[in-house]
Amino acid sequence: MVAALMPLLAGCSYTLNQNATMANVVQAVPLNNGKTLYVGYKLPDAAASCQLVNQTKRNWSLAQTEGQIKLGGGRQVLKDAAVASVEQRPQAGINYVALIIPNETDLGTINLTMARDATTSYFRCVNPPQPG
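Being a predicted model, the structure only gives us computed values, none of them experimental.

Which residues make up the overall build of the protein chain, and what values do they have?
Along the backbone of the protein chain there are 4 helices and 8 strands. In the protein chain, the succession of α and β elements from N to C terminus is α-β-α-β-β-β-α-α-β-β-β-β. Expressed as a percentage of its 132 residues, the buried residues of the protein chain come to 36%. Relative to all contacts within the protein chain whose residues are 6 or more apart in sequence, the contacts with residues 24 or more apart total 72%. A total accessible area of about 7700 Å² is found for the protein chain, and carbon and sulfur atoms account for 57% of it.

Here it is, written out as structure tokens:
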């Protein structure tokens, strides 16, 4: 039995969704009210002077599946949902959204990330992170 499980254990892989490259990505998204929403993959630092307004969670595996259907990927699904949410509540003054994507872990052919959630954090910032 142990010998049969060894190939599975040896085949463990780890894909970084929340990696150093993605942490530097910030996109400017124009809103219907003429303002700009900044969407990034890292929490803002202290220099941004941000206040957390809201935080939501969504199953990452389901977002990826929906993204494949819409041909945009899971990140695009989360971004679209965040933009729609901000446009519905312009009075909240949200100007930065951080999308925290869980890292994927596989054990052989078994995806261990299926039940993990992506977190969307909504901020009102004095100096929101900018595209760089």
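Picking up after the structure, the text goes on.
Lay out the environment of L31 with the relevant residues and their values.
Within the secondary structure layout, L31 lies in the loop between β2 (26-30) and β3 (36-40). Put simply, L31 and P90 are 59 residues apart on the chain and 9.5 Å apart in space, counted from C-alpha to C-alpha. In contact with L31, other than residues within four places in its own chain, are L37, V83, V86 and E87.

Please give an account of the pattern of salt bridges that cites residues and values.
Within the structure shown, the criterion is met by 1 salt bridge. The salt bridge partner of E66 is R58, with a shortest N-O separation of 2.4 Å. On the basis of relative accessible area, E66 is assigned to the partly exposed category, the value being 25%.

With reference to specific residues and values, describe the nonpolar core.
Counting residues in hydrophobic clusters, the biggest one holds 19 residues, and the most contacted among them are L37, L78, V86, I94, V97, L99 and I101. Where this core is concerned, the elements lending two or more residues are β3, α3 (60-70), α4 (73-88), β5 (96-100) and β8 (117-125). Per element, the largest residue contribution to this core is 5 residues, and it comes from α4. Discounting residues that sit within four places of it in the chain, L37 has contacts with Q27, A28, V29, L31, V83, V86, I94, N95, Y96 and V97.

Cut-offs and rules
- Residues numbered from 1 in each chain as written.
- Predicted model: local features only at pLDDT ≥ 70, side-chain atom pairs only at ≥ 80, totals over all residues.
- Heavy atoms only, no water.
- Helix = DSSP H or I, 4+ residues; strand = E, 2+ residues; numbered from the N terminus.
- Buried < 20%, exposed > 50% of the residue type's maximum accessible area, 1.4 Å probe, protein only.
- Contact = heavy atoms within 4.5 Å.
- Areas by Shrake-Rupley, 256 points an atom, 1.4 Å probe, with all protein chains shown as cover.
- Salt bridge = Lys/Arg side-chain N within 4 Å of Asp/Glu carboxyl O.
- Core = buried A, V, L, I, M, F, W, Y, C linked by side-chain atoms within 4.5 Å.

Function-wise, these values are silent; they only describe arrangement.
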